[in-house]
Amino acid sequence: MTDKLDHLIESYASWTISFDKNMPIDTISIVGVGFNIVNRANSGATVDLFLADCEHRIIDISPDRFLIYSSNARFPIYFRTIDNIVMLSNVVYNLFSEGEMVSIDPFVLCQQLSGNYSNDNFFSQIQLLEYNSKYALDSGNACYICSTLKFIENVSTEDCIAQLLLECESTFSSGKNISLLLSGGYDSRLNLAISLEMVKKYGNNITLWHEYKNEEEFALSKNIADSIGIRLNVKDRDAFSGSVNQVIFNASYIRNSGPIYRTNIPRWINYLHYIKMTDGDSIIFGHGAEGHKGKYYNQIDSLEDVAKTFGVNTVVVECIGKALGLAVSNDSQIFFFDKLKKHSRFFTNFTGKVDFIHYHSYVANGYGRRSHAMSQYFNIPFPFLNGIFLSLVFSLPKKHKEGFQLVVDTIRKLHPEFLDFPFVSANIKSLKANSLRKKVLHSLGLKWLRKIKTKYFYKNNIGNNLPTSQITVLNECNYLPKSEITLALKKVLNMCESSPLPYIRYEHALQLYLFFKLCEEEKNVIFVSK
């Protein structure tokens, strides 16, 4: 199984498009698989990317324009211009040049080390295109035009459900077996209801899989499985802990997933690989994507609150920056959320604006990293990320989506008996309103109290240590970093047992260190903080 896991990791479909900005049609080239270039004689050309369950047009060239379309949260597109050569890739590593000096945004780096994923634009020379967006190429620059999401008038719950089912049918109409991940959460129950609906139409067989975390959620999942007469396959969350390092330290995985990714992805890769080995050519279904649940409305009174809700505490970033010897400025976070607020204006409903910003700051960047990996390695479909579906949901009146209402109504339509079982969800906290005390303190400008508390009265970080096996691998490595930031990360990791620092997520520090180390070794890149 070890060799097959390595083969799976090596199967990542990395691609890079490049062309001369002055004569793109004549010079366009693609390194990677799954593309189709269509030249339209003198009128232009298109470049389409083929995914497992859909295709995506990335480039559309006509005589008077050059358009670039970013994807939904299924995969990122990085953009860079060097002299006259324009490059786009789904892997940022591919856009580094041999021996160059790469500038890092120190605020974004420290924010990511804290575990906040909102802004993922690490590098000054390389632009991460905003998801679900249209850009124009102008003098070698990617200039934002608009979102490909739309505000739609008079949307109903039925419209959202119909679009979701339509998306699912495009995936499950093949009749392939469905390997469904069942937990106690809302999306898990919804995915089961959808799968049973697909079984009626296309005759798919369903196998159920549960990742054991605790007895309460296991018992709930078992009762649901028993109610429909399907056996529940159970694997303990720690069953594949011994194989996690095989993913984390794999050079191909570091290259394609860096700089930082969600810490649970290596575990999921091992678990889903096991499911594929067991169930064969099935469609794995069960990961949600969070953008449709009607969250955070009670915590955001105006768009001025979005950075406070979705961003990172600047004092935390300052503490991490100090530990790494980095000077940080909040300018990048201010710019990031100001940009999203501006781009959300086409939604005339306030909750649509909140949904849009939540999607771009949490789903597409943070949660989306799981979507990237699961789509790549296992062809897992994500119908909840379809642009039409998201446009409908974001346009939906608040009362029809707040607090998972759309999820509940869809389950009620498809399999109402599933609502007789309670839900177990960590997302409940996103529905709670900010306390009156918290709002008063904020409105009175007493932020300095919070700053003092954060800076001097933090929780001990010992529980956030690295596993012994990963520390052992690091200690066996005699690598001498070429960049000051890489050296600083190595020192922080070396002290994680004896002198753990507050707020740093050591899993992320390890990911970042391994990525910088790999780039230094393979491309002789030097990383600098600017």
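The residue numbering used here restarts from 1 in each chain and proceeds along that chain's sequence as written. Restriction of local features to residues with pLDDT of at least 70 applies here, the model being predicted, together with a cutoff of 80 or more for giving and counting side-chain atom pairs; totals for whole chains, interfaces and linings are based on all residues. Each side-chain value is worked out from all heavy atoms of the structure, with water and hydrogens disregarded.

In this model, the protein chain carries an average pLDDT of 90, and 93% of its residues clear a pLDDT of 70 or more. Mean pLDDT in the protein chain bottoms out at helix H16 (residues 436–443), which sits at 50, and peaks at strand S13 (residues 178–181), which reaches 98. What pLDDT conveys is the predictor's confidence in a given residue, as a value from 0 to 100. Starting at the N terminus, helices and strands are each numbered in turn, a helix being any DSSP run of H or I of at least four residues and a strand any DSSP run of E of at least two.

DSSP-based pairing: two strands are paired if at least 2 bridges between them are found. Read across the open sheet, the five strands follow the order S2-S1-S8-S7-S10; overall the sheet is antiparallel. Here the strands that pair on one side only, and so sit at the sheet edges, are strand S2 (29–31) and strand S10 (127–128).

Next up on the list: unusual backbone geometry. Along the chain, Gly258 connects to Pro259 via a cis peptide bond; the corresponding omega equals 5°. Turning to its location among the elements, Pro259 is positioned in the loop between helix H8 (251–257) and helix H9 (265–279). One non-glycine residue, Asn154, adopts positive backbone phi at about 55°. For Asn154, the location among the structural elements is in the loop between strand S12 (141–147) and helix H4 (157–172).

Every α-helix carries 3.6 residues per turn, so stepping three or four residues along brings you back to the same face. To sort residues, take the accessible area from a 1.4 Å probe on protein chains only and compare it with the maximum for the residue type: under 20% means buried, over 50% means exposed, and anything in between is partly exposed. For helix H18 (residues 468–476), the full list of buried residues reads Gln470, Ile471 and Leu474. Buried residues in H18, looked at end-on, bunch into an arc of 100°, giving them a common side. Seen from the open side of H18, the exposed residues pointing more than 90 degrees away from its buried face are Thr468, Asn475 and Glu476. A contact between two residues is defined here by any heavy atoms of the two lying within 4.5 Å. On its buried face, H18 sits against helix H7 (244–248), helix H19 (484–494) and helix H20 (506–523). Arc, as used here, means the arc of the directions from the helix axis to the C-beta atoms.

Turning our attention to the packing of aromatic side chains. Aromatic contacts are taken between Phe, Tyr and Trp rings whose centres are within 6.5 Å, Trp giving its six-membered ring; a plane angle under 30 degrees counts as stacked, one over 60 as edge-to-face, and the others as tilted. Taken as a whole and judged by the stated rule, the model has 31 aromatic pairs. When the ring of Phe347 is compared with that of Phe356, the centres are 6.2 Å apart and the planes differ by 55°; the resulting orientation is tilted. Each member of the aromatic cluster is reached from another via a ring pair, and the members are Phe96, Phe122, Phe123, Phe515, Phe516 and Phe527. By definition, being over a ring means that NZ of Lys or CZ of Arg is both within 6 Å of the ring centre and within 35 degrees of the ring normal. A cation sits over an aromatic face here: Arg189 above Phe423, 4.1 Å from the ring centre.

The next thing to look at is the sheet that holds strand S14 (residues 206–212). In space, the four strands of this open sheet follow the order S15-S14-S13-S16, with parallel pairing throughout. Each edge of the open sheet carries a strand with a single partner, namely strand S15 (232–236) and strand S16 (283–285). Sheet twist, expressed as the mean angle between neighbouring strand axes with direction ignored, is 25°. Note that S13 and S16 share three bridges and pair parallel. Pairing of Leu180 across the sheet is with Phe285, part of S16. Convention adopted: a line fitted to C-alpha atoms gives each axis, helices being fitted over their contacting stretch, and angles between N-to-C directions are expressed from 0 to 180 degrees.

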